[in-house]
Amino acid sequence: EEEKEASEQNLSRKMWATLVFLLIGSLIHTADGSIHEYNNQSFTKIADARYFVAGYQGIYGSEFLDVPASSDTPQLKGNSFIRFDDITFVRSKESASKQNSTHATAGLVEAILFEVKQKDRVGGSFFKTEDMCCTPKLADAGSCNLGEVIISADPNDPEWPKRIPTFFKRGEEEVKMSPEAVIIKKTGWYTVYFMTCDPELDATTVRGRTVWKNRDGYLQGEKAPLMKLYASMLLAYVVLGLVWFPQVAQYWKDGIQLHSHISLVIAFSIGELAFLYFDFSYLDSAGTSPMEVTVSAITLSSARKALSRLLLLVISSGYGIVKPNLGGITLRMLLIGVLCFVISESLGLAIEFGNISENGMTVLMLYWAILETCFLQWIFRSLWKTLKKLKLNKKNIAKLQLYKKFATVLVIMVVLNFFWIYVEVFVYNSPSDFWQLKWSIPTFWYQLSYLMLVFICYFWPPTEKPTRYLYLADMDEETKEGDECLSLAEAGMNRKDETKAEDGDVERNERKSLLEVFIILLGNLPGER
């Protein structure tokens, strides 16, 4: 029987080890973009101009350039582009009546497209002036035209930054921008502004949409590799489930509550990644995704995060392994789990749909940081108590060694967590410079969570005889005896300190006896010899 159990353990270890290699492979996939919609949004004043940010994102360079008109290959197929669809500018009646038709640039609204490296060539920065619109002095020098936004052509690409003009005719309150698609030839972080230098267009609004498309789809360039990441992680969790669920079913009579919790985390992870992959796949092919799918993915993600943190807390507390129940902390665990779900759900919806102010987003992120800190502090405090309790029982060396390994893995994961937070802050502070690396941020978090779950499954697998980590009543009794010994020893020291013996020899003998008690107790602690 011992040989059979040993062979089963070796087989189980080999199966868990193979899961670690599921994430090896390329995650880079360069195909994607998005659609930006505008609903009567207003222009904002900047220096002597008014502007509206139409969008910005990473786009990969086109595959086919300078396609002949007679070619069978459509001009936009395989190419990256920014297309203006049904863009309409609306101004007030008062502005329409005041338009001065004697100026060539009266009623002019410009669409300005540029790559991040060319941002200093839009406006007066290149000419060392704070103005955004052409001044008479610059116009006389031939640097720009009055009434237009200042643009200094890039010597390496004279067509960029690019401008597309649209004019209001006298008396018109609305004007449609001519449909146009701009082919993106170089990979980079692109921005589109709608700008006007006409002071009479102060109350102008814009509606319509712009279509940003990469080579093969509509996903944003910085999110392009994530679709392949979700597919890879989904496969990894499915394989983990195929290894884990049959074992749980086989030994369900001998299982513990911890196995059900682990199964729940695996199931929610599979559901989350399936919805995320479907969401990105639909977005990549159609440019938009059903809101129900996006919300479901966010909800499953929030539930998985809450369950994962509660799983670590339950293991660290020793539930079912060191103690038969969680006692009075059960309600507190449930409350902090619900709070984790609510904050994560709110933050996910806010990031996805942007329906919250900047201050509101800051508050949500602050709440999330505080909650994570509370979880971390509670987990390590519970783990320390569990290790301390296991050390008091000489018969639980196997459990103690198991928890020491778990503690080592947990510490390594936390150190990596803090390191990656620093990397994440560095990358997100400069999105235009590191947009091609942004996909690696969530990639690391998903891989870290997966590896942590694999280690937990490896440490506490379902077996026919789970006495290696199952809670036993005699362990609790023996631990209580150890606690009583410590309490008696501490009480003796307190009495001795409070009432000093008059006889010095008696006092020295008491100290010697207490010291011997502590030496005996310490000598019986595993790992402390």
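Residues numbered from 1 in each chain as written. Predicted model: local features only at pLDDT ≥ 70, side-chain atom pairs only at ≥ 80, totals over all residues. Heavy atoms only, no water.

K.L.:
Could you clarify how one ought to interpret the UniProt feature "transmembrane region" (unreviewed entry) in the chain in this entry?
P.N.:
Summarizing the sequence annotation, UniProt attributes the feature "transmembrane region" (unreviewed entry) to residues 229-246, 258-278, 334-353, 365-384, 405-423 and 443-461 in the numbering used throughout. Along residues 229-246, the helical share is 100% and the strand share 0%, with 26 Å between the first and last C-alpha atoms. Between the C-alpha atoms that bound residues 258-278 there is a distance of 31 Å. The span itself is 100% helix and 0% strand. (UniProt positions renumbered as here; feature names shortened; annotations may be inferred. Helix = DSSP H or I, 4+ residues; strand = E, 2+ residues; numbered from the N terminus.)

K.L.:
I would appreciate a short explanation of helix α7 (residues 330-353) in the present structure.
P.N.:
For an α-helix, 3.6 residues make a turn, and residues three or four places apart therefore share a direction. Look at α7: 35 Å from first C-alpha to last across 24 residues, which is about the 34 Å you get at 1.5 Å a residue. Buried within α7 are the following residues: M333, I336, G337, C340, I343, S344, E345, L347 and A350. Elements that come into contact with the buried residues of α7 comprise α6 (291-317) and α8 (358-391). (Expected span 1.5 Å × (residues − 1). Buried < 20%, exposed > 50% of the residue type's maximum accessible area, 1.4 Å probe, protein only. Contact = heavy atoms within 4.5 Å.)

K.L.:
I tried to follow the pattern of salt bridges on my own but got confused; where do I start?
P.N.:
Side chains that differ in sign of charge can pair as their charged atoms come close. Counted by the stated rule, this structure contains nine salt bridges. With its nearest N and O atoms 3.7 Å apart, the salt bridge here joins R163 to E148. Remark: E148 occurs in the loop between α3 (136-140) and β6 (162-167) and R163 occurs in strand β6; sequence separation between them is 15 residues. Classification of E148 as buried rests on a relative accessible area of 18%. Because the salt bridges share partners, they merge into one network encompassing R83, D85 and R209. (Salt bridge = Lys/Arg side-chain N within 4 Å of Asp/Glu carboxyl O.)

K.L.:
Please clarify how the packing of aromatic side chains should be interpreted in this entry.
P.N.:
Enumeration over the complete set of coordinates arrives at 26 aromatic pairs. Measuring from centroid to centroid gives 5.9 Å for Y230 and Y446, while their planes differ by 80°, and the two rings are edge-to-face. Taken together, the positions of Y230 in helix α4 (residues 224-250) and Y446 in helix α10 (residues 440-459) put the pair 216 residues apart, joining distant regions of the chain. Ring geometry for Y237 against Y450: centres 5.0 Å apart, planes inclined by 80°, an arrangement best described as edge-to-face. Placement of Y237 in helix α4 and of Y450 in helix α10 is noted, with a sequence separation of 213 residues between them. The pair formed by Y237 and Y450 is uniform in burial state, with each residue classed as buried. In textbook terms, an aromatic cluster arises when at least three aromatic residues are bridged by ring pairs, as seen for Y38, F43, F52, F84, F89 and F194. (Phe/Tyr/Trp six-rings, centres within 6.5 Å; stacked < 30°, edge-to-face > 60°.)

K.L.:
What exactly am I supposed to notice about the sheet that holds strand β5 (residues 108-115) here?
P.N.:
The pairing of strands in a sheet happens through backbone hydrogen bonds and is either parallel or antiparallel. Spatial ordering of the open sheet is given by β2-β3-β9-β5-β6, a layout of five strands whose pairing is antiparallel. Whereas interior strands pair on both sides, the edge strands pair on one side only; in this sheet they are β2 (44-46) and β6. Adjacent strand axes in the sheet meet at a mean angle of 30°, parallel and antiparallel pairs treated alike. (Pairing = 2+ DSSP bridges. Axes fitted to C-alpha atoms, helices over the stretch in contact; angles between N-to-C directions.)

K.L.:
Just checking my understanding: could you explain the environment of V116 for this structure?
P.N.:
Counting through the fold element by element, V116 comes out in the loop between β5 and α3. Taking the C-alpha atoms as reference points, V116 and D433, 317 residues apart in sequence, are found 8.3 Å from one another. Residue contacts for V116: discarding those within four places in its chain leaves W189 and S432.

K.L.:
How do you make sense of the side chain of R121 when you look at a structure like this?
P.N.:
Within the element layout of this structure, R121 appears in the loop between β5 and α3. At 4.4 Å, D154 is the nearest oppositely charged side chain to R121, a buried residue that forms no salt bridge. Engagement of the side chain of R121 in a polar contact is seen with the backbone oxygen of A153, the distance being 3.0 Å. Setting aside chain neighbours within four positions, we find R121 in contact with F126, I150, I151, S152, A153, D154, P155 and P161. (Lys, Arg positive; Asp, Glu negative; His and termini not counted. Polar contact = N/O pair within 3.5 Å; in protein donor to acceptor, adjacent residues only side chain to side chain.)

K.L.:
Help me out: how do you make sense of the packing of α4 against helix α5 (residues 257-286) in this one?
P.N.:
A pair of packed helices is characterised by two quantities: the angle between their axes and the separation of those axes. For the pair α4 and α5, interaxial distance at closest approach is 9 Å and the crossing angle is 155°. Comparing their axes, α5 and α4 come out roughly antiparallel. In terms of crossing hand, the pair formed by α4 and α5 is left-handed. Its residues placed into classes, the contact of α4 with α5 shows 21 nonpolar, five polar and one charged. (Parallel < 35°, antiparallel > 145°, perpendicular 65-115°, else oblique. Left-handed = near helix turned anticlockwise from the far one by under 90°. Nonpolar A, V, L, I, M, F, W, Y, C, P; charged D, E, K, R; others polar.)

K.L.:
I tried to follow a nonpolar patch on the surface on my own but got confused; where do I start?
P.N.:
A grouping of V363, L366, Y367 and I370 is seen on the molecular surface, where their side chains present a nonpolar patch of about 380 Å² in accessible area. For V363, the position within the fold is in helix α8. For V363, a relative accessible area of 38% puts it in the partly exposed group. (Patch = residues over 30% accessible without salt bridge, like charges linked within 9 Å, V, L, I, M, F, W, Y side chains within 5 Å. Areas by Shrake-Rupley, 256 points an atom, 1.4 Å probe, with all protein chains shown as cover.)

K.L.:
Even after reading the chapter, I still don't get the state of the cysteines, so can you show me in this structure?
P.N.:
Should the sulfur atoms of two cysteines be covalently bonded, the bond is a disulfide. In total, this model carries two disulfides according to the counting rule given. Between the sulfur of C133 and that of C197 lies a disulfide, 2.1 Å long from S to S. Because the torsion about its S-S bond is -100°, the bridge between C133 and C197 counts as left-handed. Separated by 64 residues along the polypeptide, C133 in the loop between β5 and α3 and C197 in the loop between β9 (188-196) and β10 (205-213) bring together distant segments of the chain. For C133, a relative accessible area of 6% puts it in the buried group. Sulfur-sulfur distance for the disulfide between C134 and C144 comes to 1.9 Å. Linking C134 and C144, the disulfide has an S-S dihedral of approximately 80° and is accordingly described as right-handed. Placement of C134 in the loop between β5 and α3 and of C144 in the loop between α3 and β6 is noted, with a sequence separation of ten residues between them. Residue classification places C134 among the buried positions, given a relative accessible area of 8%. (Disulfide = S-S within 2.5 Å.)

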